[in-house]
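Descriptive analysis of the structure
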Amino acid sequence: MIHHYRKFGSVTFLRFFLAYSFVLYLLCAYFLVILPLPDRAEVAKLTTPKVQLIPFSFFRELSKETGFRVSEPATYFPALTSNFTLQFVFNIALLFPFGCFLRYYFRKKPLPAVIFCFCFSLFFELTQLSGLYGIYPRPYRLFDVDDLLCNTLGGMLGYYFTKLLERILPDRDKIDEKSYKKGERVSFTRRFLSFAVDLFFVSIFTGFLDWVLPVSDFWDDFLFAAAYLLYFGVFQWLWKGKSLGKRMTKLCIANRDGSRVVLWRSLLRYGAVCGEAVLFLFISNFLLIQFTVAPAEKQLFYLFLLAGWYLSVIFLFFLETALNRSSRTGRDYLHGWISGTKIQSTVKPQTAS
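This text gives an overview of the structure that appears in the document. Fair warning: this is a prediction, and the values are worked out from it, not measured in the lab.

**A closer look at helix 11 (residues 172-183)**
At 3.6 residues per turn, the α-helix brings residues three or four places apart onto the same side. Relative to the 16 Å expected for twelve residues at 1.5 Å per residue, helix 11 spans 16 Å between its end C-alpha atoms, a close match to the ideal helical length. The complete set of buried residues in helix 11 reads Arg172, Ile175, Asp176, Ser179, Tyr180 and Gly183. Considered in projection along helix 11, the buried side chains sweep an arc of 130° and stay on one side of the axis. Of the residues in helix 11, the exposed ones pointing more than 90 degrees away from the buried face are Lys174, Lys178 and Lys181. Close packing links the buried residues of helix 11 with helix 1 (2-7), helix 2 (13-34), helix 7 (96-104), helix 12 (188-212) and strand 4 (341-345). Capping the start of helix 11, Asp171 holds a side-chain oxygen 3.0 Å from the backbone nitrogen of Asp173, two or three residues further along.

Written out as structure tokens, the structure is:
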């Protein structure tokens, strides 16, 4: 998600589907190569060869392993359906989808595609040769140069086969244009992801301040608030309205007219956020305390008040989010209105290259 927001400013369903189907394919291909995992003690007893470095040995071994004879048609079908031949075919099929992704999704030229397919296959073979990175005392599967050739061939077959599919697949340029267009707006998910990343760094910054300026537990909340205001109010202003999380998701804080945010507005915005959080916690704690200390006959009343308070806050939050989403003027939450600031996208409208 960070990569997509960083590049396009948005995550469309089709791009999401393509990206995560590619990740799923990588996982499946990897597990097909390493599984099933044998017993470590059994692997230590193996005396079979570790490597096979003679190219095209498949064709030399075909007759011996399957009984195939060119002059005997009756041997053709048993040879084609034997495990020995099917392993050869599946080695070709293993990287077929990889070639499809290289051409359609990553838009690689033929030579880089060949190199990527070969390196991907080499990664699998080295994984086997290393005994699963040293977990096993020796390889439990053969490093076979024929596998490298078959995998690379399969990847290139998938690469060129994709040319036929491009006639029916969604146009990649249009997918990118739609992503860039959608990235001009600021979605709630994008804001939330940016804020989550920033809170992670604020926590690290708070820990650093606590290490430099040890304080009692009573002052921990104040130390966090100070780190929060320094990070969002001052450091973000110095970085032209871009925190680390906003840089990752192509966002920035700006004045309501789109100009660079000024320091006092930046401090006011995030001071207002703190104020909103404190007000919410104060009322919530007050109602919760009243509920716990109230007589039994009044507890139901305070329970309804507490539930009503939470539901009201949730309703107002979603209402504000919906209004912000439908606004074309960069409308923001209450803290944005108070400070005269807004969050805006830094993605530049463009046609994908």
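**A few points about the pattern of salt bridges**
Under the definition given, this model contains eight salt bridges. Between Arg107 and Asp176 there is a salt bridge, with the nearest N and O atoms lying 3.8 Å from each other. Linking Arg107 in the loop between helix 7 and helix 8 (110-129) with Asp176 in helix 11, this pair joins segments that are 69 residues apart in sequence. Take Arg107: its relative accessible area is 34%, and that puts it in the partly exposed class. For Arg269, the salt bridge is made with Asp332, and the minimal N-O distance between the two is 2.8 Å. Taken together, the residues span a long stretch of sequence, with Arg269 in helix 15 (residues 263-293) and Asp332 in the loop between helix 16 (296-326) and helix 17 (334-339) at a distance of 63 residues. Overall, the relative accessible area of 8% leaves Asp332 in the buried class. Several salt bridges share partner residues, and in doing so they unite Arg15, Arg107, Arg172, Asp173 and Asp176 into one network.

**Brief notes about the environment of Leu323**
Topologically, Leu323 is positioned in helix 16. Spatially, the C-alpha atom of Leu323 lies 9.2 Å from that of Tyr333, the residues being ten residues apart in sequence.

**Looking at the pairing of strand 3 (residues 251-255)**
Strand residues, when the strand is regular, have side chains that alternate between the two faces of the sheet. The buried fraction of strand 3 is high, at five of five residues. Here strand 3 runs beside strand 4; their pairing, made up of five bridges, is antiparallel. Along strand 4, the bridge assignment pairs Ile253 with Ile343.

**What to know about the layout of surface pockets**
It is a probe the size of a water molecule, rolled over the atoms, that shows where empty space is left. Space inside the largest pocket adds up to approximately 1500 Å³. In this structure, the largest pocket is lined by 35 residues; those nearest its centre are Val273, Glu276, Ala277, Phe317 and His335. Every element with two or more residues in the lining of the largest pocket is listed here: helix 12, helix 13 (220-238), helix 15, helix 16 and helix 17. No other element matches the ten residues that helix 15 contributes to the lining of the largest pocket. Classifying every residue of the lining of the largest pocket gives 26 nonpolar, two polar and seven charged.

What counts and how
Residues numbered from 1 in each chain as written. Predicted model: local features only at pLDDT ≥ 70, side-chain atom pairs only at ≥ 80, totals over all residues. Heavy atoms only, no water. Helix = DSSP H or I, 4+ residues; strand = E, 2+ residues; numbered from the N terminus. Expected span 1.5 Å × (residues − 1). Buried < 20%, exposed > 50% of the residue type's maximum accessible area, 1.4 Å probe, protein only. Arc of directions from axis to C-beta. Contact = heavy atoms within 4.5 Å. Polar contact = N/O pair within 3.5 Å; in protein donor to acceptor, adjacent residues only side chain to side chain. Salt bridge = Lys/Arg side-chain N within 4 Å of Asp/Glu carboxyl O. Pairing = 2+ DSSP bridges. 1 Å grid on protein atoms, 1.4 Å probe; cavity = no way out; pocket = protein on both sides within 12 Å on 5 of 7 lines; lining within 4 Å. Points joined across faces, edges and corners; volume = space filled by probe spheres on them. Nonpolar A, V, L, I, M, F, W, Y, C, P; charged D, E, K, R; others polar.

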